[in-house]
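# Observations on the model geometry
Read off the chains here:
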Amino acid sequence: MSFVYRRNLKKIFVFIVSIIFNLSLFADIPSSLYGIWEGKDRYVFFEQVQEEDRIVIILKDYYGWYLDRVVEHEDYSKIYKRDRNTATTKKSVLVLVDSAPLWLSEGTSSDNSAAYELKLTYHKHDITYVPFALIDDKIFLEFWLSDGNHPGFWMGNVVTDGIKVSNQMEQENLWSWFINEETDEMYKIRFWKSKMDFDPELEAVIKSQKDQESEYTVSKQIFSAGNVYACVPGRRVYVRNLDKTPVNVPFDGKDVIYNEEKTICALNDVYLKRLLDKTSFEELMEIVRAQNSRRKPDPAPLFPPEELDYHWDLIDYLEKDNKIIQEVRQRQKSFGVRGKDIGR
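No experiment lies behind these values; they were computed from the predicted model shown. (Residues numbered from 1 in each chain as written. Predicted model: local features only at pLDDT ≥ 70, side-chain atom pairs only at ≥ 80, totals over all residues. Heavy atoms only, no water.)

## A look at the packing of aromatic side chains
Within the structure shown, the criterion is met by eight aromatic pairs. On the basis of an interplanar angle of 45° and a centroid distance of 5.5 Å, the ring pair of Phe198 and Phe223 is categorised as tilted. Note that Phe198 is positioned in the loop between strand 12 (185-194) and strand 13 (203-207) and Phe223 in strand 15 (residues 221-224), a separation of 25 residues in sequence. Here the aromatic cluster, defined as three or more aromatic residues joined through ring pairs, consists of Phe45, Tyr76, Tyr80 and Phe281. (Phe/Tyr/Trp six-rings, centres within 6.5 Å; stacked < 30°, edge-to-face > 60°. Helix = DSSP H or I, 4+ residues; strand = E, 2+ residues; numbered from the N terminus.)

## Considerations on the sheet that holds strand 3 (residues 52-60)
An order of 4-3-2-1-20-8-7-6-5 is seen for the nine strands of this open sheet, with the pairing classed as antiparallel. For this open sheet the edge positions go to strand 4 (66-71) and strand 5 (95-101), each flanked by a neighbour on one side alone. When strand polarity is set aside, the average angle formed by the axes of neighbouring strands in this sheet is 30°. Note: strand 5 against strand 6 (residues 113-122), seven bridges, orientation antiparallel. Residue Asp98 lies in a different strand from strand 6, and its bridge partner there is Lys119. (Pairing = 2+ DSSP bridges. Axes fitted to C-alpha atoms, helices over the stretch in contact; angles between N-to-C directions.)

## A short note on the pattern of salt bridges
According to the stated counting rule, one finds 12 salt bridges in the structure shown. For Lys78, the salt bridge is made with Asp75, and the minimal N-O distance between the two is 4.0 Å. One end of the pair, Lys78, and the other, Asp75, are both in helix 3 (residues 74-79), three residues apart, so they sit about a helical turn from each other. The residue Glu170 makes a salt bridge to Lys193 at a minimum N-O spacing of 2.9 Å. Of this pair, Glu170 sits in the loop between strand 10 (153-156) and strand 11 (173-180) while Lys193 sits in strand 12, placing them 23 residues apart in sequence. Relative accessible area serves as the criterion here: at 47%, Glu170 is assigned to the partly exposed category. For Lys193, a relative accessible area of 27% corresponds to the partly exposed category. Among the charged side chains, a network of salt bridges with common partners joins Glu52, Arg54, Asp75 and Lys78. (Salt bridge = Lys/Arg side-chain N within 4 Å of Asp/Glu carboxyl O. Buried < 20%, exposed > 50% of the residue type's maximum accessible area, 1.4 Å probe, protein only.)

## Here we look at the nonpolar core
Counting residues in hydrophobic clusters, the biggest one holds 28 residues, and the most contacted among them are Phe153, Phe178, Ile189, Phe191, Ile206 and Val239. When residues of this core are traced back to their parent elements, those giving at least two are strand 7 (126-135), strand 9 (143-146), strand 10, strand 11, strand 12, strand 13, strand 14 (215-219) and strand 19 (264-267). Among the nonpolar cores identified, the runner-up in size contains 25 residues, and Ile29, Val70, Leu120 and Ile139 belong to it. (Core = buried A, V, L, I, M, F, W, Y, C linked by side-chain atoms within 4.5 Å.)

## As for the environment of Trp37
Relative to the helices and strands, Trp37 resides in strand 1 (residues 35-38). For Trp37, a relative accessible area of 0% gives the class buried. For the pair formed by Trp37 and Leu275, sequence separation is 238 residues and the distance between their alpha carbons is 5.8 Å. Looking at Trp37, its side chain comes within polar contact range of the main-chain oxygen of Leu33, at 2.9 Å. (Polar contact = N/O pair within 3.5 Å; in protein donor to acceptor, adjacent residues only side chain to side chain.)

## Quick notes on helix 4 (residues 281-292)
Here helix 4 is 12 residues long and its end C-alpha atoms lie 16 Å apart, about the 16 Å a rise of 1.5 Å per residue gives. Packing partners of the buried residues in helix 4 comprise strand 1, strand 2 (42-49), strand 3, helix 2 (61-64), strand 4 and helix 3. (Expected span 1.5 Å × (residues − 1). Contact = heavy atoms within 4.5 Å.)

## With respect to the confidence of the model for the chain
This prediction gives the chain a mean pLDDT of 85; 87% of its residues lie at or above 70. Below a pLDDT of 50 lies the segment residues 104-110, which in the model reaches 15 contacts outside its immediate sequence neighbourhood of four places, other chains included. (pLDDT = per-residue confidence, 0-100.)

## Description of the pairing of strand 7
Of all 10 residues in strand 7, eight are buried; the element is thus mostly enclosed. Sheet topology note: the strand 6/strand 7 ladder contains 10 bridges and is antiparallel. Counterpart to Leu118 in the pairing with strand 7 is Val130. From the end of strand 6 to the start of strand 7, which pair antiparallel, there are three residues, and His123 there has a positive phi angle of about 55°. Sheet topology places strand 7 next to strand 8 (residues 138-140); three bridges connect them, and they run antiparallel.

Encoded structure:
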């Protein structure tokens, strides 16, 4: 067996194993996601029907005045007819949804506080992965996970635009942090998209900028949003070009929130919030009907109303001997009174 043949056979084997890994990784979405979630510009609804996970996305169009049922299963439109207007399409978009816990956070958090990754499939082949953190019935998109195998290392994840109605571009970089509060050290670490095979056992080394003899270990690779990201190339070990930040400014001065176990840290910018008093699709449709039944008030007049003097005496004087105008006035009486007759 030639060297080239063995090398190609190995590539094929790795490719097959990666496919099996990705297929087995994603499964049903967690039950903690079922229900209605509201954000600034959309509602998102998750439920399971006959062992099939479904997602509904309703956009707040026209500055939040109209709710558009963009993404939903076709069965819903048979029960609740979709409105047809300039804001909607004839058929809704079907998006398939799967979920998986992030490899580092699995088993470290409760159902109401965990990190997951949604796999959204558009048009059967366009795929987008959306990592998110779930903390106290709120969903956050920018977050970090504490790595128990490497104390002080907070693993970053790809930050997406959220749960959209179409697929998104893959991110080239993600950012992680190393914090040593005892030595007042904090380093920002860049991970870039790599073609290396994912190995969670690989480690990288950070040299202390305060004490050249001190070294810290972090994960060399991160698997996020369907891609492998690395902080050092090839077989190298040492992380270079570190961005040093004072440790008394947590996560680059951003306002952050932690879960109860202190295993998840998220930028305190809520993307979606659970509606605790409404959980079913029927209640979601009640929200849509109530919102879309509203009517905007008439706009304010361009000019303020004023009492006008039409000078009816002058008008009568000009029309007095004009037979054509008098005939017009007679025809107008059959349609209604003139302003003159009602004091206008």
